[in-house]
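Spelled out from the first residue to the last, the chains are:
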Amino acid sequence: MKARKNTKSLSSGRHRWSAFKPMMVIGVLTLCNLTVLYFLHNEYLYSGLPSAIENDISPIRHYNSSNHQGHFWEHEPKCFHIDYICHANGEWFYDLSIIKRRQYSLPSITYESSEGGEFDHRIHFSVLSPPLLSGMKAGLQAGDDNLKQCYSQTPYHVVIQSVFNDMMGEFYIRSILGLNQWMRKFPPQSDEDLQFYVHFNKNDASILDGHRMFLGGLPQNGKIDDFLSLVQDKSSCQCFQKLVFCGYSVSVDQEENKLTFEVAENIGHPHPEATLGLYSGGPKGSNPSYQDFRQDLLTRYAEKDPMLHQKVREYRLQILLRQGVALDNVGDIDEWKIVGLADRKYRRIWLDIDESTRACDSFLLEKVICVKVNVEEADSVEEQLLMHMSLNVFMGIHGSQFTNAVLLPQQSFVVELLPWIPDYAWGVGWAVRTDHPTPMGTIFHDTDLHHLGFVLDRGSVPLCNENRTWDEEQEKKCFQEHNNEFRWDRRNFNVRPSIITKFISSFLLVNNTHCDSIQTRASESGFVLYNTFCSRGNETSTEHYYMKETFEEDDEEAEEEEEDEEEAEE
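Residues numbered from 1 in each chain as written. Predicted model: local features only at pLDDT ≥ 70, side-chain atom pairs only at ≥ 80, totals over all residues. Heavy atoms only, no water.

Participant: Mind showing me how you'd approach the packing of aromatic side chains here?
Facilitator: Here a ring pair, both rings aromatic, is described through the centre-centre distance and the interplanar angle of the planes. Within the structure shown, the criterion is met by 26 aromatic pairs. Each ring, one from tyrosine 172 and one from phenylalanine 293, has its centre 5.5 Å from the other, and the planes form 70°; the classification is edge-to-face. Here tyrosine 172, found in helix 3 (residues 168–185), pairs with phenylalanine 293, found in helix 7 (residues 289–304); they are 121 residues apart in sequence, far enough to count as distant. Accessibility expressed as a relative area gives 0% for phenylalanine 293, which makes it buried. Taking the centre distance of 5.3 Å and the plane angle of 80° together, the rings of phenylalanine 413 and phenylalanine 503 count as edge-to-face. Of this pair, phenylalanine 413 sits in strand 14 (residues 413–418) while phenylalanine 503 sits in helix 14 (residues 497–508), and the two are 90 residues apart along the sequence. Through a chain of ring-to-ring contacts, the aromatic side chains of Phe80, Trp92, Tyr111, Phe125, Phe227, Phe240, Phe245, Tyr248 and Phe261 assemble into a single cluster. Sitting over the ring of tyrosine 301, lysine 304 keeps its end group 4.8 Å from the ring centre. Sitting over the face of the ring of tryptophan 420, arginine 458 holds its NZ or CZ atom 5.9 Å from the ring centroid. (Phe/Tyr/Trp six-rings, centres within 6.5 Å; stacked < 30°, edge-to-face > 60°. Helix = DSSP H or I, 4+ residues; strand = E, 2+ residues; numbered from the N terminus. Buried < 20%, exposed > 50% of the residue type's maximum accessible area, 1.4 Å probe, protein only. Lys NZ or Arg CZ within 6 Å of the ring centre and 35° of its normal.)

Participant: Just checking my understanding: could you explain the sheet that holds strand 13 (residues 393–397) for this structure?
Facilitator: For sheets, the rule is that strands pair by backbone hydrogen bonds, running either parallel or antiparallel. Strand order in the open sheet formed by seven strands is 12-11-13-14-15-16-17, and the pairing between neighbours is mixed. Each edge of the sheet is formed by a strand with only one pairing partner; in this case those strands are strand 12 (368–373) and strand 17 (539–545). This sheet shows a mean twist of 20° between the axes of neighbouring strands, independent of strand direction. For strand 13 and strand 14, the ladder comprises five bridges, and the chain directions are parallel. Looking across to strand 14, one finds that glycine 396 is bridged to glutamate 416. Along the sheet, helix 14 makes contact with strand 11 (337–342), strand 12, strand 13, strand 14 and strand 15 (450–455), crossing strand 14 at roughly 145°. (Pairing = 2+ DSSP bridges. Axes fitted to C-alpha atoms, helices over the stretch in contact; angles between N-to-C directions. Contact = heavy atoms within 4.5 Å.)

Scope: geometric values only; no functional claims are made or implied.
Shown next as structure tokens:
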């Protein structure tokens, strides 16, 4: 009976196991499926769309920073990226041969260009959601192995945009500074991983050597182009592992599964209140962003070309020889002080620049020489580098040509000649500010350069000089009749040679290491000292000695005038 009882017990156990086995198998399979889905879901969390999108619209998502640092564009709200995107025969499409997880919806993406004749309407970018594609194209994308041959060897292609980026100063402040800070925080693993394209919103704008030079200060593969070259119709296909857009506002229609993007004013910054806010308001506190990029720019080019500094010395020698200095009289090339005078050829022309250049001849024995500098004559990035790295001083009329002055050696001088503007004329609220830097001058704030300003007088204006007995109202009427020529941003200038000689004798030929001394000389000679790199005791730092306000408008009115100028520049 005992044996039979055991047999019955075993039989009952087998029966219960047989009944439980299918349930356990189903449970294990369910657990496996859930695990697979979990990892698939999290894989797409790292792929990238704007953080406003909470559902899984892939392959564009913002980066989930709680797991690891990732790339800079996955942290900047004005950036987004698209994975596995291809272009052929004038159309963009997803590479479905790689993106096979159809449970994740792929949105349609459209770039909305600004309206108006001044904008470049040749630039189009549109990606259709796969269900909207024709059967032929859907089939091509889903299984054509030939697409593998279309992929770029560079994994990340980055399109950057900011308003007024055809003007070098605007490009520097609105695009480059933010990018540099982001890439310092989230550097790529290799320069070869990243390629830049510049999106110009204006119809007649094109990429210049200046754009390439400043982007060359960032980690990238050296193949810099404009966005138009990327979107133009091509018969051959091209595919990108990631196509990144920075400097855009993004909106999403989740119900329609659509994403649209349009141009924003600038590329952001890890600490936007520390950099971009300074552009309109002027800096008052410490801000290392400008010196960070200046140092990174010079360091990167020195690393690219170990012979760069020797080339600069040779370039300086050629300047002296062209100016008539005999080779036997050169001596130590590093002892010479070379003063570059900005020789603009279009608008804001320095009319008597030859006379100003000759005024420097009296300082030849002190090894000081003045030369005309026109960045438009440089035919390469290297020429721009050598042209400015060879100078000890860059002086000129307020304008974007000062952007390249960030290339000057440490403790060099940047002298900004500010236009004479009567209190009733446009631009007085910000173009002649001496209580903080001008919008252009902010790029020298807290750098190791001396940035000075000097306000020109009525004699600098080559207009309405027929009758010197006019009273103020008669002169104002004359200026208004010649408004197109009189507006400071369109006006040509005369500069008294004594301003140049005063600067040379008061600053260039004097020891400028002590803060109190340089502050006193600036005050006595009529120069505003926006930024100086000097010492107090054993400590060297940047200091700022501003003058009182030179106008009666408030900051809000000044900002409105600045916006008007930006529109006028366009």
